[in-house]
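The chain contents come next:
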Amino acid sequence: MMVLLIAGCQPDAHKEIGPARDLVQSMNGTWKLTRVIQRDNEAVRKGFPFRDLDITGLFPYSDFILTLNADAGNPTTYSSVQGNAPAILKSASGNWTVDNPDYPGVIALANGTTVDSIRLGGYPVGAETNLSLTVQRKLGEKLVISYIYEFTKQ
Amino acid sequence: MKQLLTIILLLGLVITSQAQNPTFSPSSFTAEDEVTLTVDVSNTPMAGVADAYIWIFCNPDQPEGLRGDGIVNGTWTSSSSAARLTPAGPNKWTFTFIATTMFNKTPADLKTFGFLVKKADGSAQTPDYKAFSFDPLVFVPSMLRVFPAIVGANDIVSVNFDRAHAVSTNEQRMTPTAALITAWDETGTQVGTELEIPVRKLQDQIWIATFLPLGRFTAPVDHRLSKLRYRFKGTILGPDGTPQNITSSEAEITLSNLQ
């Protein structure tokens, strides 16, 4: 019996893991702003209450639409529709780049010398369908406010 | 009687002017916050000097073991270049620091600080300016609160009325209906007119009003919004059961230059 069991053992065939996730390409498309959280980073750092406030419905943020264009996994141009939403970007259109194409952490939206460096909070890959961008506001070197923008693909 | 009133008025002006020197931005800060002090050295031995240096020290009103000097001070006869003050107008100087770095102490060990302005070689100096308190690093609930704690003119600002921490009887009975906001530029001139923003209820006993300062106030050319003042209006029930309008006390928000 033991001989039969041992003889019946075969190594499992592992499937190919497939191509690497193209995170830049996953951001390609038109995104509508659906949620805005304002975070008091001072309160977070000190462990105080009242750290986050959902300000989505207080201003017409849902007017804001961001289009990120990519070509063969490389970021190219971006454009935005402001509508009546409070200002989010310094320039409505221009070129976008990422700090690391394999694992982007910061997305730079640039028009000439005007650059918005925005942190990526979440990739729209796998089960996650939203794009999360975080704009940081600093006093000197100290982070004091974060605006966390969540976008849904159109 | 007129002379007596004049003397009292002048004394009041003197005390007021002294209370406003030095000034701090932001106006309240903890030992972990970056703060910029502005000091006017007019009418001191440092008036009219070309270069000035700070001599900064912590806990001047605390026991000896808790006191200390700033790491930038250098020696009394040879100030370090890091202690050099930045000119901010005739006889006015500014200096920016973070206390925990400046004194190499934890926030818990830092209660107050003081400073003086001197020449690099120590041949002239102002009197001590002391003692200024750091805000505690614990959350202290209050009736009026701004969210976030540090804001700029183009940030979303929310002012809160927490009735659970109201002080006066009327404020304890008040149901807020709107926040009343005024804006001021760096010269102390009011910008625009008072703004009335309806409140919404955030949670039990807390009402909140949210706005974008630059969306509601436009500073004159070559000026900027530097602070806001806010209070709440609302109603209480009078003895006969009819609503009566009242307003709360007022608080101030310094608008920081956020990047």
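Coordinates for the structure precede this section.
Computed from a predicted model, the values in this text were never measured in an experiment. (Residues numbered from 1 in each chain as written. Chains lettered and ligands numbered in written order. Predicted model: local features only at pLDDT ≥ 70, side-chain atom pairs only at ≥ 80, totals over all residues.)

K.L.:
Account for the overall build of chain B, naming residues and giving values.
P.N.:
Secondary structure summary: chain B contains four helices and 19 strands in total. Expressed as a percentage of its 259 residues, the buried residues of chain B come to 29%. A separation of at least 24 residues holds for 59% of the contacts in chain B among residues at least 6 apart in sequence. (Helix = DSSP H or I, 4+ residues; strand = E, 2+ residues; numbered from the N terminus. Buried ≥ 20, exposed ≤ 12 C-beta atoms within 10 Å, placed from the backbone. Contact = placed C-beta atoms within 7 Å.)

K.L.:
Which residues make up the overall build of chain A, and what values do they have?
P.N.:
A count of helical and extended segments in chain A gives three helices and nine strands. Helices (α) and strands (β) of chain A occur, in sequence order from the N terminus, as α-α-β-α-β-β-β-β-β-β-β-β. Out of the 154 residues in chain A, the part that is buried amounts to 19%. For chain A, long-range pairs separated by at least 24 residues make up 43% of all intrachain contacts whose partners lie at least 6 apart in sequence.

K.L.:
Account for the interface of chain A and chain B, naming residues and giving values.
P.N.:
Taken together, the contact pairs 20 residues of chain A with 18 residues of chain B. Elements that contribute at least two residues to the side of chain A that touches chain B include exactly β1 (29-40), α3 (41-46), β8 (130-139) and β9 (142-153) of chain A. In terms of residue class, the side of chain A that touches chain B is built from twelve nonpolar, two polar and six charged. (Nonpolar A, V, L, I, M, F, W, Y, C, P; charged D, E, K, R; others polar.)

K.L.:
If you had to explain the pairing of strand β12 (residues 157-162) of chain B to someone new, which residues and values would you point to?
P.N.:
Consecutive side chains along a regular strand alternate between the two faces of the sheet. Residues and elements named next belong to chain B. β12 sits mainly inside the fold: five of its six residues count as buried. In terms of strand pairing, strand β11 (residues 144-147) meets β12 through four bridges, oriented antiparallel. If you follow F147 over to β12, its bridge partner there is S158. (Pairing = 2+ DSSP bridges.)

K.L.:
Just give me the short version of the sheet that holds strand β7 (residues 86-87) of chain B, but keep the residues and values in it.
P.N.:
Residues and elements named next belong to chain B. Spatial ordering of the open sheet is given by β1-β2-β8-β7, a layout of four strands whose pairing is antiparallel. The open sheet is flanked by β1 (23-25) and β7, the only strands paired with a single partner. With two bridges joining them, β7 and strand β8 (residues 92-98) adopt antiparallel strand pairing. Bridge pairing in β8 links T86 to T94.

K.L.:
Can you explain unusual backbone geometry? Please cite residues and give values.
P.N.:
Residue and element names in this part refer to chain B. Geometrically, the link from S25 to P26 is a cis peptide bond, its omega value of 0° lying close to zero. Residue position: P26 is located in the loop between β1 and β2 (34-40). A cis amide bond links F147 to the next residue, P148, at an omega of -10°. Looking at the element boundaries, P148 is found in the loop between β11 and β12. Positive phi values are uncommon outside glycine, yet N43 reaches one of about 65°. On the secondary structure map, N43 appears in the loop between β2 and β3 (53-58). For N43, a count of 9 C-beta atoms within 10 Å gives the class exposed. With a phi angle near 60°, N91 is a residue other than glycine that sits in the positive phi range. With respect to the secondary-structure elements, N91 resides in the loop between β7 and β8. Residue N91 is classed as partly exposed on the basis of its C-beta count, with 18 C-beta atoms lying within 10 Å.

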